[in-house]
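As a plain string of letters, each chain reads:
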Amino acid sequence: MTFSNELGQKIFKGCGCLSIGFVVLLTIFVIVALCIDDEEEEDGVAQTEQTGKAEQKDSIVVNEVLEGDPYKELDELIGLENVKREVRTLANFVKVQKMRKAQGLKTPKMSYHLVFTGSPGTGKTTVARIVARIYKDLGVLKKGHTVETDRSGLVAEYMGQTAVKTNAIIDSALNGVLFIDEAYALVPERGNGQDYGQEAISTLLKRMEDDRDKLVVIIAGYPKEMQRFIDSNPGLQSRFTRYIDFPDYSAGELTDIFKMYVRKNQYTLTAEVEQYLTQKLDSVVRHKERNFGNARYVRNMFEKCIQQQANRLSRQQNVSKAQLSELTLEDLQQTFR
C-alpha cells in the first residue's frame, strides 16, 4: 500500500512538472506570436508613423485613428509634391465652403470621394489614411478611420452573397473612409457572365447615396485601368469626379526613402555606401518595368540588406554596437546581386 502511494506521488509530481513545462512553453509561444503580429502590422509603404493600429482579416485592413497633426504628416512625406498640393487644395475648399454655409451663403454640392491613380508603392494608401484624418479634422467625418480592401473583400463566390459581403464592409467604414485598391478588378477587362463584381458596384453606389453624410470612398489603381473602371458605369462617373495622380518616385526620392528606413531602424550608412546606393537606384529607375514597386521595392531592398549584414556578422565574435548598426558596401552589393 505504501509503495502504491509513493508511486502515485511520483507520477503526480512528474505530471505536475510536465504541466508546468507545458504552460511555460505555451506562454513563450504566445509572446513570440504577439511580437510577430506586431511586426507584421507595420505598413512598409507608409513613410511616417501615422498609420494607426491596424486590424487585418483576410483582405480587409481596419486602421484606427492616431492622434497627431495629419497636415504635418502630409508635408513630411518624401516627394509627392503635386499630391500634397491637391490634398491641401481640397482641404482648403472644404474649409471655406463650411465658412460660407455658416454665414448663410450658397455652397455647391460637394463630393468627397476620390480617385487615386498611380503605380504600386507610390503612397496611395498612406495618403488615404491622412485624408481620412483631415476629413475628421474638418468635420466631414466623425471618426476618420480607414477600412482598406480590394475585390476579394467585396465579392463573394456564390450568387446572392456579394451584396451581404459588400454591405458588411461598408458598415465597418461608416464615419470613415473605405479605400478600395485595384478597384478596376471589380469590372474584368474581358466580360464574364458569372462575375459578381457588378453586384458589388451596385451595392456600393446605393450605399454611397444612402450614407452620403457618413461615408467617403477612395478608389485606387493604375491610371488607364481606373479610367476604364469609371467609364463602365454612369453612377461611378457622377460620384468620382476628383482625381489625384501619384507619380513614380525618382531615384533621389527612393534613396531618401531607403535612408529613412535606415534612420528609423537605428542603422547607419557610410558616404561610400550612399554613393553606391544612389548609382544603383538610378539604374533601377531608368530600367524599371510597368509594375515596378517604387517604395515597396526599396523596403524589400532594405530588408534584404540587413539580412546580408546579419549573415556577415554571424561569422564574427565580439561584435561591437557600431558594427551592429553599420551597413557596409558589401551588404549593399550582396543585396543588389
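So, how was this worked out
- Residues numbered from 1 in each chain as written.
- Predicted model: local features only at pLDDT ≥ 70, side-chain atom pairs only at ≥ 80, totals over all residues.
- Heavy atoms only, no water.
- Helix = DSSP H or I, 4+ residues; strand = E, 2+ residues; numbered from the N terminus.
- Buried < 20%, exposed > 50% of the residue type's maximum accessible area, 1.4 Å probe, protein only.
- Expected span 1.5 Å × (residues − 1).
- Contact = heavy atoms within 4.5 Å.
- Phe/Tyr/Trp six-rings, centres within 6.5 Å; stacked < 30°, edge-to-face > 60°.
- Lys NZ or Arg CZ within 6 Å of the ring centre and 35° of its normal.
- Core = buried A, V, L, I, M, F, W, Y, C linked by side-chain atoms within 4.5 Å.
- pLDDT = per-residue confidence, 0-100.
- Salt bridge = Lys/Arg side-chain N within 4 Å of Asp/Glu carboxyl O.

Visitor: What exactly am I supposed to notice about the environment of Val273 here?
Guide: Relative to the helices and strands, Val273 is located in helix α11 (residues 271–286). Note on Val273: relative accessible area 1%, which makes it buried. As a C-alpha pair, Val273 and Leu329 span 56 residues in sequence and 5.1 Å in three-dimensional space.

Visitor: I'm lost on helix α10 (residues 251–264) in this one. Help?
Guide: Taking 1.5 Å as the rise per residue, α10 with 14 residues should run 20 Å; its terminal C-alpha atoms sit 20 Å apart, in good agreement. Among the residues making up α10, those that are buried are Ala251, Leu254, Thr255, Ile257, Phe258, Met260, Tyr261 and Val262. For α10, the secondary structure elements touched by its buried residues are β8 (268–269), α11, α12 (295–313), β9 (326–327) and α14 (329–336). Directly after α10, the chain includes Gln266, whose backbone phi takes a positive value near 60 degrees.

Visitor: Any chance you could explain helix α4 (residues 124–138) here in plain terms?
Guide: Structurally, the α-helix is built with 3.6 residues per turn, so residues lying three or four positions apart point the same way. Under the 1.5 Å per step criterion, the end-to-end length of α4 is 21 Å for 15 residues, consistent within 8% with the ideal 21 Å. α4 sits mainly inside the fold: 13 of its 15 residues count as buried. A positive phi of about 85 degrees marks Gly139, the residue just after α4.

Visitor: Is there a simple way to explain the packing of aromatic side chains in this structure?
Guide: Going through the model one piece at a time under the given rule, you end up with seven aromatic pairs. Here the aromatic rings of Tyr261 and Phe302 are separated by 5.9 Å at their centres, their planes lie at 20 degrees, and the arrangement is stacked. Pair noted here: Tyr261 is in helix α10 and Phe302 is in helix α12, with a separation of 41 residues, a long-range link. By the burial criterion, Tyr261 is buried, and Phe302 matches it. With 5.2 Å between their ring centres and 50 degrees between their planes, Phe292 and Tyr297 make a pair best called tilted. In this structure Phe292 comes out as buried when scored by relative accessible area, which is 9%. Of the aromatic side chains, those joined through ring pairs into one cluster are Phe258, Tyr261, Tyr267 and Phe302. Just above the ring of Phe336 sits the side chain of Lys280; from NZ or CZ to the centre is 5.5 Å.

Visitor: Help me understand the nonpolar core, please; the structure alone is not making it clear to me.
Guide: For soluble globular proteins, nonpolar side chains are generally found buried alongside one another. One finds Phe116, Val127, Ile218, Ile257 and Phe258 to be the most contacted residues of the largest nonpolar core, which totals 53 residues. Looking at which element gives the most residues to this core, the answer is α4, with eight residues. If we ignore the near neighbours within four places in the chain, the residues touching Phe258 are Leu269, Leu277, Val298, Met301, Phe302, Cys305 and Leu332.

Visitor: How should I be thinking about the environment of Ala271 in this particular structure?
Guide: Within the element layout of this structure, Ala271 appears in helix α11. Residue class for Ala271 comes out exposed when judged on its relative accessible area of 65%. A C-alpha to C-alpha distance of 9.8 Å links Ala271 and Leu329, two positions 58 residues apart in sequence.

Visitor: Explain the confidence of the model for the chain here, please?
Guide: Detail in the predicted coordinates should be disregarded across regions flagged by low pLDDT. Residues at a pLDDT of 70 or more form 82% of the chain, whose mean pLDDT is 85. Within the model, pLDDT remains below 50 along residues 10–46, and this stretch shows 18 contacts once partners closer than five positions in the same chain are excluded.

Visitor: How should I be thinking about the pattern of salt bridges in this particular structure?
Guide: Opposite charge on two side chains lets them pair, provided their charged atoms get close. Counted according to the given criterion, the structure contains 16 salt bridges. For Glu76, the salt bridge is made with Lys72, and the minimal N-O distance between the two is 2.4 Å. On the criterion of helical spacing, the pair formed by Glu76 and Lys72 is a turn pair, its members being four residues apart in helix α2 (residues 70–76). Taking the relative accessible area as the measure of exposure, Lys72 reaches 48% and is therefore partly exposed. Two residues, Asp331 and Arg312, come together in a salt bridge whose shortest N-O distance is 2.8 Å. Of this pair, Asp331 sits in helix α14 while Arg312 sits in helix α12, placing them 19 residues apart in sequence. A residue is classified by how much of its surface remains accessible, and Asp331, at 1% relative accessible area, is buried. We classify Arg312 as buried; its relative accessible area is 13%.

Visitor: Looking at this model, I keep getting lost on unusual backbone geometry. Mind explaining?
Guide: Peptide bonds are mostly trans, and most non-glycine residues show a negative phi. Despite not being glycine, Glu182 has its phi angle at roughly 50 degrees, a positive value. Phi is positive for Asn318, close to 55 degrees, though the residue is something other than glycine. Assignment of secondary structure puts Asn318 in the loop between α12 and α13 (321–325). The class for Asn318 is exposed, based on a relative accessible area of 75%.

Visitor: Before we go on, may I ask you to explain the environment of Thr203 in this structure?
Guide: Its place among the elements puts Thr203 in helix α7 (residues 197–210). By relative accessible area, which is 10% here, Thr203 ends up buried. Beyond its immediate chain neighbours, meaning those up to four positions away, Thr203 contacts Ala163, Thr166, Asn167 and Ile170.

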